[in-house]
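# Fold and contact review
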Amino acid sequence: KFTVGESSLTKHYLGRLQAVYLSEHSGAIESSEFAIDLERPYFEEDAEAPTYSSTEEELPSWLFTWDEAEDEEVGLGGYLFILERLEGSTTHALAMIELPVEAEEGPGGTAVPAYEYENVSGTNMLTVDPSAYVTTIDGTFRYTVIPYDKLDNIGEGLVGEFRSLWSGGDEDSTYPFI
């Protein structure tokens, strides 16, 4: 038993495998070169926090956008989107949505009524139906976008906050504001 790989690096190895069964040894099998990738995907250094906007319709819809992350060794696997409600000195996680870059078709397709995710010309766009995650959308929220690569190594996340008011229906409080 030994440790392979180094955090935040990709290391290349050659190996040899020998099976032992009931004190009998098989011949050694040599491997080709293989890599163990512990590099994390990343956003560019000057990447800004993801942006937030809201619809001005009868029913609310939140739109979050962010630029693509990169992973040059094994490729970007996707993003983890986390939505939290901020209340005083505590937070409450409301949603953790896994957004694979290459969506897999499952039974019944990939459409999920609570959110819609797409990449348009290098910009990731996540539209969320807040009523699927919260009972009241009035409040202050934090959202985090965390990239991961195809080996599930996670990178540093981008974080944003917004305040949402959607009460009584009068002119001043009908729609969310940032």
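Because the structure is predicted, anything quoted here is derived from the model rather than measured. (Residues numbered from 1 in each chain as written. Predicted model: local features only at pLDDT ≥ 70, side-chain atom pairs only at ≥ 80, totals over all residues. Heavy atoms only, no water.)

## What to know about the overall build of the protein
To keep it simple, the criterion reads: For helices the rule is a DSSP run of H or I covering at least 4 residues; for strands it is a run of E covering at least 2, with both sets numbered from the N terminus onward. For the exposure calls, accessible area comes from a 1.4 Å probe over protein chains only, and a residue counts as buried if that area is under 20% of its type's maximum, exposed if over 50%, partly exposed in between. What makes two residues a contact is simply this: any of their non-hydrogen atoms within 4.5 Å.
Counting secondary structure elements, the protein contains zero helices and 14 strands. Each helix and strand of the protein, ordered N terminal to C terminal, gives the series β-β-β-β-β-β-β-β-β-β-β-β-β-β. Counting over 178 residues, the protein shows a buried share of 33%. Considering only residue pairs separated by 6 or more positions, the protein has 57% of its internal contacts joining residues 24 or more positions apart.

## Describing the nonpolar core
What counts is decided by this rule: Only buried residues count toward a nonpolar core, which is a set of Ala, Val, Leu, Ile, Met, Phe, Trp, Tyr and Cys residues joined through side-chain atoms within 4.5 Å.
Ranked by internal contacts, the top residues of the largest apolar core, which has 22 residues, are Phe64, Trp66, Tyr79, Phe81, Leu83 and Leu99. When residues of this core are traced back to their parent elements, those giving at least two are strand 8 (62-67), strand 9 (76-87), strand 10 (90-100), strand 12 (123-128), strand 13 (139-149) and strand 14 (158-164). In terms of residue count, strand 9 provides more of this core than any other element does, four residues in total.

## A few points about the packing of aromatic side chains
Definition in use: Whether two aromatic rings pair depends on their centres lying within 6.5 Å, for rings of Phe, Tyr and Trp, where Trp uses its six-membered ring; planes under 30 degrees apart make the pair stacked, over 60 edge-to-face, and the rest tilted.
Going through the model one piece at a time under the given rule, you end up with 10 aromatic pairs. Ring geometry for Phe81 versus Tyr143: centroids 6.5 Å apart, planes at 20 degrees, classification stacked. Separated by 62 residues along the polypeptide, Phe81 in strand 9 and Tyr143 in strand 13 bring together distant segments of the chain. Residue class for Phe81 comes out buried when judged on its relative accessible area of 1%. For Tyr143, a relative accessible area of 3% translates into the label buried. Ring centres of Phe141 and Phe162 lie 5.3 Å apart, and the angle between their planes is 20 degrees; this geometry places the pair in the stacked category. With Phe141 in strand 13 and Phe162 in strand 14, this pair connects stretches of sequence that are 21 residues apart. This pair shows no difference in class: Phe141 is buried, exactly as Phe162 is.

## Observations concerning the side chain of Asn124
To keep things clear, this is the line we draw: Identification of polar contacts relies on pairs of N or O atoms within 3.5 Å, with a donor-acceptor requirement for protein atoms, meaning one able to donate a hydrogen and the other able to accept it, and with residues adjacent in sequence counted only if both atoms are side-chain atoms.
With respect to the helices, strands and loops of the structure, Asn124 is situated in strand 12. Looking at Asn124, its side chain comes within polar contact range of the side chain of Tyr79, at 3.4 Å. Side-chain polar atoms of Asn124 contact the side chain of Asn119, separated by 3.2 Å. For Asn124, the residues in contact, after removing those within four places along its chain, are Phe64, Thr65, Trp66, Asp67, Glu68, Tyr79, Tyr117, Glu118 and Asn119.

## Digging into the sheet that holds strand 10
We count it as follows: In this description, strands pair whenever DSSP reports at least two bridges between them. Interaxial angle, 0 to 180 degrees, is taken between N-to-C directions of lines fitted to C-alpha atoms, where a helix line uses only the stretch in contact.
As summarised here, the arrangement of the four strands in space is 10-9-13-14, forming an open sheet in which the pairing is antiparallel. Looking at which strands have only one partner, the edges of the open sheet turn out to be strand 10 and strand 14. Strand-to-strand twist in this sheet, taken as the mean axis angle between neighbours without regard to direction, amounts to 20 degrees. The pairing of strand 9 with strand 10 spans 10 bridges and is classified as antiparallel. Looking at strand 10, one finds that Tyr79 is bridged to Leu99.

## Quick word on the confidence of the model for the protein
Our working rule: Per residue, pLDDT measures the predictor's confidence, with a range of 0 to 100.
When the pLDDT values of the protein are averaged, the result is 75; 69% of them are 70 or greater. When pLDDT is averaged over each helix and strand of the protein, the minimum, 64, is found for strand 6 (residues 34-37) and the maximum, 91, for strand 9. pLDDT under 50 marks residues 106-110. Its contacts with residues more than four places away, or in other chains, come to three contacts. Considering only residues more than four positions removed or in separate chains, one finds that residues 168-178, a stretch of pLDDT under 50, has 25 contacts.

## Examining the environment of Leu86
Following the sequence through the fold, Leu86 ends up in strand 9. Once the C-alpha coordinates of Leu86 and Phe162 are considered, the two residues, 76 residues apart in sequence, prove to be 9.9 Å apart. Excluding residues that lie within four positions of it along the chain, Leu86 makes contacts with Thr91, Thr140, Phe141, Arg142 and Glu161.

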